[in-house]
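Single-letter residue listing:
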Amino acid sequence: MKQAPPLSRAPAPLPRRDFLKGCAGGLGALLLPPALAADTAAAGARERTPARIVIVGAGAAGLTCASLLARRLEGARITLVDARQAHYYQPGYTLVAGGIKPAGYPVSTTREHVPAGVEWVAEAAAEIDPEARHVTTRAGRILPYDFLIVACGLELDYAAIDGMDEARIGQDGLGSIYHSPEKASATWALLSRFADTGGVGVFLRPGTEMKCAGAPLKYAFITDDHLRRRGLRGKAELIYNANNKVLFSVPIVSEKVRMLFEDRGIEVHYDRILTAIDPGRRIATFSTPDGPAQLGYDFINVIPPMRAPGLVRQSPLPWREGPYAADGWIQVDPHSLRHVRYPEIFAVGDVAGVPKGKTAASVKWQAPVAVDHLVAALRGTESPLSYDGYTSCPLITRLGRAMLVEFDYRNNLVPSFPGVVAPLEELWVTWVMKTMALKPTYISMLHGHV
Ligand SMILES: Cc1cc2nc3c(=O)[nH]c(=O)nc-3n(C[C@H](O)[C@H](O)[C@H](O)COP(=O)(O)OP(=O)(O)OC[C@H]3O[C@@H](n4cnc5c(N)ncnc54)[C@H](O)[C@@H]3O)c2cc1C
């Protein structure tokens, strides 16, 4: 590969609090994202390279990486591969399903986010061959690469739940906020009806890794508040089913949620994983250490098991042993996001087999690191950047209040505003961030403002 002249030092990612200041400071601050200064500085020092870079997946991670690369490289052939015409801001699904935002809120188009100078191949990738260094699309097109970024997210495995029928989401009390904007909206219609009648509401999370592990908890809190506001909380029983012995992977957060659930009268069952559902009879079956247990429901929020997409599971890229092997997550170094066996491959976003971080917030901190390592490799140097596992979750605990939970690989709480936005307090400002500021900040991230 042709070596390019050295580039002036890459801009280090901005301090986290600058990003969040944009959120906390209101919409005005978001119109001029703080990263703009760094972006402008980088614009004058682009790396010349003829490298072919293929990015599989044009979701949060793929688009962000494409934008960062387009800004830092000149002459590179950057190709995004994704058949999906619509782009979904998935953190908005919880808001739609909670009756807080309209059905169209999460939806935009892929086209409007594809950066100038990047080719978008609107086809699904069918095969990744890391030995031959090419990706084959479903239509048989072969895309050779010098570097590959795999950013194809994850697969929702509804079929793993016996009796589950995705077409029935939105009927007979069967809700699912993860499926799509349409089904999130249909779930809101069910929740609203439930809040008018009461009954048994069942909540759960899967036994696999999942994106945004806070979302199942948020939805239980939102349901509780809708019932209270309509004066029907006393007529409802809410049951949260945890997949293991905790409510959240960070112990202090888990304990806080346990206390809040107790305060709100939300019953918790531990060590329960949904294995089957009978939508006609409204019965959910869970595996438990004592054998199968059934729960009747009037309303349920089904969150399915999640795995790496088939494209990845059927490739040589996943872990071969350890906790990320069974579901096919990609074997990358947790700090550089670079593949352990194929150094010209990176995985960013949900598909990466790292201990934390299946959130859009993680993408914001992963993408600049992976891109910097890729650009350094083009130059024949090493990147000093390292991803520490940062992820965050604005955990809605009632309508109008949320807790901003930020943590890293080691379960350390890493608050961006120590002493100002307390991580375990239910605050209005965090609610405003979640419901007003995060979507524009996310869209800005897709366009490379990180
Ligand atoms: C209900 C819900 C609530 C959430 N709440 C939050 C939150 O509050 N905060 C937060 O930070 N995050 C939240 N998230 C998580 C966040 O949305 C994801 O972590 C983020 O979108 C991951 O980005 P990604 O690019 O890895 O995957 P995605 O954004 O899902 O993009 C994957 C892309 O890959 C494409 N693709 C798949 N297969 C192929 C193939 N074979 N070939 C080509 N392309 C392919 C898909 O079409 C898609 O465009 C939430 C998610 C959900 C569902």
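Residues numbered from 1 in each chain as written. Predicted model: local features only at pLDDT ≥ 70, side-chain atom pairs only at ≥ 80, totals over all residues. Heavy atoms only, no water.

The protein chain has the name Sulfide:quinone oxidoreductase in an unreviewed UniProt entry, where Castellaniella defragrans is given as its organism.

Q: Lay out the site of the ligand in plain terms, naming residues and giving numbers.
A: Around the ligand sit 33 residues in total, of which Ala61, Asp82, Ala125, Asp350 and Ala361 are the nearest. Between an oxygen atom of the ligand and a main-chain N or O atom of lysine 358, the distance comes to 3.4 Å. In the model, an oxygen atom of the ligand is placed 3.4 Å from a nitrogen or oxygen of the threonine 359 main chain. Expressed as a share of its isolated accessible area of 1000 Å², the protein-covered part of the ligand is 92%. (Near = heavy atom within 4 Å. Polar contact = N/O pair within 3.5 Å; in protein donor to acceptor, adjacent residues only side chain to side chain. Areas by Shrake-Rupley, 256 points an atom, 1.4 Å probe, with all protein chains shown as cover.)

Q: Talk me through the side chain of serine 180; I want residue IDs and the actual numbers.
A: With respect to the helices and strands, the residue serine 180 is situated in the loop between strand 13 (174–175) and helix 6 (181–197). There is a polar contact of 2.9 Å between the side chain of serine 180 and the side chain of histidine 179. (Helix = DSSP H or I, 4+ residues; strand = E, 2+ residues; numbered from the N terminus.)

Q: Please give an account of the sheet that holds strand 10 (residues 142–144) that cites residues and values.
A: The strand order across the open sheet formed by three strands is 8-9-10, and the pairing between neighbours is antiparallel. Strand pairing shows two members of the sheet lacking a second neighbour, strand 8 (125–129) and strand 10, which therefore form its edges. Across the sheet, the axes of successive neighbouring strands diverge by a mean angle of 20 degrees, strand direction being ignored. Across four bridges, the pairing between strand 8 and strand 9 (residues 134–137) is antiparallel. Looking at the pairing, isoleucine 128 lines up with valine 135 of strand 9. (Pairing = 2+ DSSP bridges. Axes fitted to C-alpha atoms, helices over the stretch in contact; angles between N-to-C directions.)

Q: Any details on the packing of aromatic side chains? Residues and values, ideally.
A: Counted by the stated rule, this structure contains 12 aromatic pairs. With 6.5 Å between their ring centres and 65 degrees between their planes, tyrosine 88 and tyrosine 93 make a pair best called edge-to-face. Judged by relative accessible area, tyrosine 88 falls into the buried class, the value being 19%. A connected cluster of aromatic rings, assembled from ring pairs, spans Phe194, Phe203, Tyr219 and Phe299. Cation over ring: lysine 358 sits above tryptophan 329, and NZ or CZ is 4.1 Å from the ring centre. Against the face of tyrosine 105 rests lysine 439, its NZ or CZ located 4.6 Å from the ring centre. (Phe/Tyr/Trp six-rings, centres within 6.5 Å; stacked < 30°, edge-to-face > 60°. Buried < 20%, exposed > 50% of the residue type's maximum accessible area, 1.4 Å probe, protein only. Lys NZ or Arg CZ within 6 Å of the ring centre and 35° of its normal.)

Q: Outline the domain arrangement of the protein chain, supporting the account with residue identities and numerical values.
A: Taken domain by domain, the protein chain holds domain 1 (47–154 + 308–379) and domain 2 (158–304). In this structure, domain 1 and domain 2 have C-alpha centres spaced 30 Å apart. Taken together, the 20 residues of domain 1 in the interface contact 21 residues of domain 2. Contact with domain 2 buries surface across domain 1, with Tyr93, Thr94 and Ala97 losing the most and accounting together for 34% of the total. Across the domain 1-domain 2 interface, the total number found is zero salt bridges. Scanning the region where domain 1 abuts domain 2 turns up four residue pairs in polar contact (both at pLDDT 80 or more). Broken down by element, the residue count for the side of domain 1 that touches domain 2 peaks at four residues, all from helix 5 (residues 91–97). Of the residues that constitute the side of domain 1 that touches domain 2, the class distribution is 11 nonpolar, five polar and four charged. (Domains from an automatic or database assignment. Contact = heavy atoms within 4.5 Å. Buried area = accessible area lost by both parts, 1.4 Å probe. Salt bridge = Lys/Arg side-chain N within 4 Å of Asp/Glu carboxyl O. Nonpolar A, V, L, I, M, F, W, Y, C, P; charged D, E, K, R; others polar.)

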